[in-house]
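Remarks on the overall topology
Spelled out from the first residue to the last, the chains are:
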Amino acid sequence: MIRTLAAVLVAAIVLSGILASVAIISIGATIGLLSVDLPNPNNLETLSFAQPTVVYDRTGKVVLGQFQTEDRRVVQFTDVPRLVLDSTTAAEDRTFWTNPGFDAAAILSAIVDNASGVSDRGASTITQQLVRARLLPDSATAPGADIYLRKAKEIIQAMRVSDTFPGEVGKERIITAYLNEIFYGHGAYGIAAAAKVYFGVDNLNDLSLAQAALLAGLPKSPTSLDPYRYAEPDSKGRLVVQPGSPPIVRMEYVLAGLAANDSRWTRVTPAQLQAAISQPIVLAGDKSVTYPGGQFTWQVRSELESILGSAQAVETGGYKVITTLDWRAQQIAQKYMTAAAITPNLPRHAADNILRSLKIPASDMGWIHALRGKDLHNGALVALDYRTGDVLAYLGSAGYTQDKLASAKFSPQFDAAGEGARQPGSAFKPILYSAAFNAKKLDPGSLLLDVTTTFNRAENWTPHDADQLERGPVLVRKALQYSLNIPAIRALNRVGNATVEATAEKMGIQFTGGKNLFMEAGLAAALGTVEVRPLDLTSAYGTIANGGVHVPPQMILQIIGPDGKTVWQAPKPAGTQAISPQAAFLVSDVLSGNTDPKQNPIWAAKLRLTNGPGGAYRQAAGKTGTASEARDLSTYGYLPPPTDPNQPGLVVGIWMGNSDHSDPRTKNPAISLTAPAPLWHAFMRDYTNGWPLATFQPPSGVVKATIDAWTGGAPGPWTRATTTSWFIDGTQPGGPEQIDPDGLLYSNSCGGWRVDPVKAELGPSSWDSADANWLSRARRGVGVSSAAFFWGKSSWGGPLLGSCGGSSQANGNGGGNGGGNGGGQQVTLHHRKKHGGGGGGGG
């Protein structure tokens, strides 16, 4: 056996490229050298309990949670039924009863596969896993330790354990120690604790075939396979693990191994196999430990496992973890999220008691009370320092501890911020326009048409703005500020899905379904129909705020060992330039208008911050989004980069909706301006109170130019009004990379210049008929059709092309105040392949 092991070790050493010089030494000397510091195998029989790892906020004073081996019940071999033994070996080590502690064939196969890049196999036996957990020196398992050296020591120690505990009795001791030691997730250490935590079973003999197989599969990845993460109440009120979820897939793998008749004792017939697969996996209902940090603490655990190398290290290492969380920010976030998403769904007296206890200002009571009856039950909030990536506040749900209120519409412990994915609606448009500006396909002064168009004739996809109005020629600045759908679709056509997807990825967004789904969404992707994680979208907004530099979110600042020494320190933030500083500034300059009543009184009524010294206006950039049927509501926004390097660069994202993705059952649902927008405002107001003021400063490489107020190019004989706009240097009128032709909107007719939307159409020629149709309807006047003036305007830029006579409205010079009162909000479509038409955005 020693010679076989040594041959495997030498092959591993040579192929892995480590200790190459050692490989030429004799086999015995090699094994002896690697065995010097290995613990005594007899230590196997002495169980000891590890120190807890404690998680703190960024001050190191507020405990957010801890991870430790609190739930363990030691069992004897005679307490373990053969079904559990066979399930365990089927899952982890099918040659356990005959191998010498390691599987030479599996190791060599894994070495070849890993060396060729085919896979990343571990090929660890049960004995090796036990050795790794209990019987290796600290130097071999410490963060940063050489993985190949550890593997070699692991194999040698597995052989020594097998030699120390030989024969059938030895195998029984080894597998018993393994079943008592290994982590099964959800705080359960050992098979007995796992049976109790997941199924409420005290006697292992009471486990069913399916239950035993599910438990056996969990040690492979106890956190990601935790059945509670995938369980939902059924019609009988039972907590059932959903079919097709990762733990069920793993269970079926174990069952297949048992059915293959290569297990030692258990024989599973095809009928028994099918019955076990069909059996609902009903959990006992035990909940995980409640931590003050909520879902943030679990996200930290995931990062810890990545840094420290294993769940076992996290649970037993005795570390002190300093996180990025600002406890003050977290408390403010929870205060207003409770007020917005919890109290409106409680009886009035109970809600009033909570609001009083939260000390909600009287100025916020109006919008909170207005959410009663709106059938919104959940929400998520993420606040980041976009310059460092530090997560300052993190709510994965409206109330992590609110188990008594749990329902299909409100899942308290599911992390909707970092694990869930939602349609961003119009909140995605700043990402779209960032890509367009960066690619120099558009600028804030570019002309886009707000004209209802059948963009896909095969599917009859004809989206609209929320108020069903069409405002004709609109500059990009106003199209983005007032969240118009139809111009956004034209913008995506101009820049292309591939460019937008690649830019979004650089900004930190990973679309649910990946790149292909975004590409398949076609022009509908402009309306935020492809789902994203709120955490990712918040980070992407932070990229815009940070001059186009993306800094990934981080949650851990420092890990301190039980000896008081730092074992890991967060590296200095290393951002990557996702979009140019110039493009980022253009977007920020536009979005800052949404908090300025002089530019956008509708949005500013909800988003404007006046908590500067003496009630001074605090500049901020903001955008809202409302998905179709008001299913997903969101608000994202950020402050300008602060001048003080110690002050956070703040970006905040909020989602509100229902856990089950259901539409609100109400005739007048809430929209983003009435739900997440005032919540965003309240959090920003309280958290930034007393902070110094800052403004968005133009970087080098941007210029301000005077343009025609309607067509966006240089003023000319057609001009009836002018305005100024920022440009990336060179793209302004007269520049070498000028984007928009001068006078694009106008044709010379009837002795003067007249508005001609067909001439302004830069999309496919198939769209021209829609523009001509709008022109025909607009000549009949505002109020006669859906043609409308933009808010505060009484013209479309001049007389309309057509008959040289006509009414004053037809000429675009008549009365009317803008075709709508601006009270609507963005309502986007589902994926256009699911819905051929329907609502759209608008102011």
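Residues numbered from 1 in each chain as written. Predicted model: local features only at pLDDT ≥ 70, side-chain atom pairs only at ≥ 80, totals over all residues. Heavy atoms only, no water.

1. Considerations on the sheet that holds strand S16 (residues 556-560)
The strand order across the open sheet formed by five strands is S2-S1-S9-S16-S17, and the pairing between neighbours is mixed. Here the strands that pair on one side only, and so sit at the sheet edges, are strand S2 (63-67) and strand S17 (566-569). Shown here is a sheet whose adjacent strand axes are inclined to one another by a mean of 15°, direction ignored. With three bridges joining them, strand S1 (residues 53-56) and strand S9 (residues 320-323) adopt parallel strand pairing. Looking at S9, one finds that Tyr56 is bridged to Ile322. (Pairing = 2+ DSSP bridges. Helix = DSSP H or I, 4+ residues; strand = E, 2+ residues; numbered from the N terminus. Axes fitted to C-alpha atoms, helices over the stretch in contact; angles between N-to-C directions.)

2. Re helix H11 (residues 246-259)
Along its 14 residues, H11 runs 20 Å from first to last C-alpha, staying within 8% of the 20 Å computed at 1.5 Å per residue. Listed as buried for H11 are Pro247, Ile248, Arg250, Met251, Val254, Leu255, Gly257 and Leu258. Here the buried face of H11 lies against helix H3 (82-92), helix H10 (209-217), strand S7 (239-241) and helix H12 (270-278). In the segment just after H11, Asn261 is the residue with positive phi, at about 65°. (Expected span 1.5 Å × (residues − 1). Buried < 20%, exposed > 50% of the residue type's maximum accessible area, 1.4 Å probe, protein only. Contact = heavy atoms within 4.5 Å.)

3. What to know about the side chain of Thr731
Within the element layout of this structure, Thr731 appears in the loop between strand S23 (722-728) and strand S24 (746-749). For Thr731, a relative accessible area of 2% gives the class buried. Among the polar contacts listed, one links the side chain of Thr731 to the backbone oxygen of Ile728, at a separation of 2.7 Å. What Thr731 contacts, discounting residues up to four positions off in sequence, is Lys440, Asp443, Glu737, Gln738 and Ile739. (Polar contact = N/O pair within 3.5 Å; in protein donor to acceptor, adjacent residues only side chain to side chain.)

4. Some words on the pattern of salt bridges
A full pass over the atoms with the stated rule returns 21 salt bridges. Among the salt bridges present, the one from Arg229 reaches Glu419, with a minimum N-O distance of 3.7 Å. Taken together, the residues Arg229 in the loop between H10 and strand S6 (231-233) and Glu419 in the loop between strand S11 (391-395) and helix H18 (429-438) connect sequence positions 190 residues apart. In this structure Arg229 comes out as partly exposed when scored by relative accessible area, which is 38%. Overall, the relative accessible area of 44% leaves Glu419 in the partly exposed class. A salt bridge links Arg238 to Asp234, with the nearest nitrogen and oxygen atoms 2.9 Å apart. Its relative accessible area of 31% is what places Arg238 among the partly exposed residues. Salt bridges linked by common partners bring Arg301, Glu305 and Glu315 together as one network. (Salt bridge = Lys/Arg side-chain N within 4 Å of Asp/Glu carboxyl O.)

5. Regarding the nonpolar core
Formed by 137 residues in total, the largest nonpolar core has its most connected members in Leu381, Tyr433, Tyr638 and Phe683. The leading source of residues in this core is helix H15 (residues 327-342), at nine residues. Ignoring sequence-local partners within four residues, the contact set of Phe683 consists of Ala329, Ile332, Ala333, Tyr336, Leu381, Ala383, Ala393 and Val652. (Core = buried A, V, L, I, M, F, W, Y, C linked by side-chain atoms within 4.5 Å.)

6. Notes on unusual backbone geometry
Even without a glycine there, the phi angle at His186 is positive, about 60°. Looking at the element boundaries, His186 is found in the loop between strand S4 (183-185) and strand S5 (188-189). For Ala630, which is not glycine, the phi torsion reads 55° and is therefore positive. Counting through the fold element by element, Ala630 comes out in the loop between strand S19 (621-626) and strand S20 (632-638). Owing to a relative accessible area of 5%, Ala630 belongs among the buried residues under this scheme.

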